[in-house]
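Residue-level listing of the chains:
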Amino acid sequence: MKKWKWIVLTLTGICLLLLFSSGGYVYHKASQTLKEVQVPVKASVETEKTVEQKKGLSFLLLGVDQRKNETGRSDTIIVVTIDPKTNTSQMISIPRDLKTDIIGNGSNDKINHAYAFGGPQMALDTVSHLLKIQIDYFAEINLAGFTDLVNAVDGVRVKNDINFSYYEMQFPKGELLLNGKEALAYARMRHDDPRGDFGRQIRQRQVVQAVADRMTEDFSIRRFNAILDALGKNVKTNVPFSVARTVATDYRDALRNVKTLSLDGSGGIESDGIYYWHPTDKSLKEVQAQLQEALK
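Residues numbered from 1 in each chain as written. Predicted model: local features only at pLDDT ≥ 70, side-chain atom pairs only at ≥ 80, totals over all residues. Heavy atoms only, no water.

Asks: What am I meant to see in the overall build of the protein chain here?
Replies: Each helix and strand in the protein chain was counted, giving 11 helices and 14 strands. Going through the 296 residues of the protein chain one by one, you find that 54% of them count as buried. Within the protein chain, contacts between residues at least 6 apart in sequence are counted, and of these 66% link residues at least 24 apart. Per element, the accessible surface of the protein chain, about 13,400 Å² overall, is 47% carbon and sulfur. (Helix = DSSP H or I, 4+ residues; strand = E, 2+ residues; numbered from the N terminus. Buried < 20%, exposed > 50% of the residue type's maximum accessible area, 1.4 Å probe, protein only. Contact = heavy atoms within 4.5 Å. Areas by Shrake-Rupley, 256 points an atom, 1.4 Å probe, with all protein chains shown as cover.)

Asks: Is there a simple way to think about the environment of Asn 225 in this case?
Replies: You can see Asn 225 is positioned in helix 8 (residues 221-234). Relative accessible area serves as the criterion here: at 19%, Asn 225 is assigned to the buried category. The sequence separation of Asn 225 and Ala 152 amounts to 73 residues, and the corresponding C-alpha distance is 8.5 Å.

Asks: How do you make sense of the pairing of strand 14 (residues 275-279) when you look at a structure like this?
Replies: Each regular strand shows side chains that alternate between the opposite faces of the sheet. Judged from the five bridges that link them, strand 13 (residues 265-269) and strand 14 form a sheet pairing that is antiparallel. Note on strand 14: the bridge partner recorded for Gly 267 is Trp 277. Between the antiparallel neighbours strand 13 and strand 14 lie five residues, among them Gly 273 with a positive phi of about 80 degrees. (Pairing = 2+ DSSP bridges.)

Asks: When you look at the nonpolar core in this model, what are you seeing that I'm missing?
Replies: Most often, soluble globular proteins have nonpolar side chains that are buried together. Counting 28 residues, the largest nonpolar core has Val 156, Val 158, Phe 164, Phe 171, Leu 178, Tyr 186 and Val 207 as its most contacted members. When residues of this core are traced back to their parent elements, those giving at least two are helix 5 (143-152), strand 7 (156-160), strand 8 (164-166), strand 9 (169-171), strand 10 (174-178), helix 6 (180-188), helix 7 (197-217) and helix 8. Contact partners of Leu 178, with chain neighbours within four places excluded, come to Val 150, Gly 155, Val 156, Val 158, Phe 171, Ala 183 and Tyr 186. By size, the runner-up hydrophobic cluster in this structure holds 25 residues, among which are Val 64, Leu 124, Leu 130 and Leu 261. (Core = buried A, V, L, I, M, F, W, Y, C linked by side-chain atoms within 4.5 Å.)

Asks: Whenever I open this one, the confidence of the model for the protein chain confuses me. Can you help?
Replies: Detailed reading of the predicted coordinates is not advisable wherever pLDDT is low. Across the protein chain, pLDDT averages 80, with 77% of residues at or above 70. Between the elements of the protein chain, mean pLDDT differs from a low of 44, seen in helix 1 (residues 10-17), to a high of 98, seen in strand 4 (residues 99-102). Considering only residues more than four positions removed or in separate chains, one finds that residues 1-25, a stretch of pLDDT under 50, has 89 contacts. (pLDDT = per-residue confidence, 0-100.)

Asks: When you look at the side chain of Ser 128 in this model, what are you seeing that I'm missing?
Replies: On the secondary structure map, Ser 128 appears in helix 4 (residues 113-131). According to the relative accessible area criterion, Ser 128 is buried, its value standing at 18%.

Asks: How should I be thinking about the pattern of salt bridges in this particular structure?
Replies: Once the charged atoms of two side chains with opposite charge are near each other, the side chains can pair. Throughout the structure, instances matching the rule amount to nine salt bridges. One salt bridge in this structure joins Glu 270 and Lys 99, with 3.0 Å as the shortest N-O distance. You can see Glu 270 sitting in the loop between strand 13 and strand 14 and its partner Lys 99 sitting in strand 4, a full 171 residues away along the chain. When its relative accessible area of 21% is taken as the criterion, Lys 99 is described as partly exposed. A salt bridge links Glu 175 to Arg 157, with the shortest nitrogen-to-oxygen separation between them at 3.6 Å. Note that Glu 175 is positioned in strand 10 and Arg 157 in strand 7, a separation of 18 residues in sequence. Of the residues examined, Glu 175 reaches a relative accessible area of 61% and is grouped as exposed. By relative accessible area, which is 47% here, Arg 157 ends up partly exposed. Overlapping salt bridges, with partners in common, bring together Asp 161, Asp 193, Arg 195 and Arg 203 in one network. (Salt bridge = Lys/Arg side-chain N within 4 Å of Asp/Glu carboxyl O.)

This is the structure:
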């Protein structure tokens, strides 16, 4: 079975968890976990000042399937903006086959190759160039982290809009409670969905939101420990603890009000025999404008 690459809203999860980090054991463990997952990816020199002034912030969320001795590819790419002025957040999934300039590599290729060529820094620079926005921070999670995180919050509830089966698992139409393995299968199915990869993106975002909701609806030391263990083993980020705490408190209302954006376009096999996807100019410009407005 080809592994499906997936990202949950790790950064939002970390931020929401830190709502409980007011002192003592909880504060210490949360701060220690965030230190352990830090990687040296450059953020803008103005970013911490932006947080202090409570301006709009942007995050790149990557889902990476890393095999032994390989960098991996970020086949799930999500950009989130948080606008404290309007108390809203925006989330957009970038199609993995989108063809664009790979910044720092000098090539024009699928956007998911940026991570393979230059890790999270090249992925961040490439997505930032495509959307014409400054991206402040990034977070990535691997495949194992997805199942661990869903299990850590004791499963997620989603509303399924089509009947389908996937590798002997049945997913009837209606509300479902899914464990980690089931949630991964639910979100990875594509070929039996008439909407194709866009239908899969809808289910991805459902699970993303469901994980965030589960983190806020109930709290216990047992669940807190399980979530931090899942994050510590499977996550990388450049978000410092001080920024995460500020976002968790001062940007909290915006994190709970998420609007979904999407790109329109089409794809096909090109002269090199490889499938690529291209957004329409109109759609791309509209998304760029909406994201730019949120970050003013």
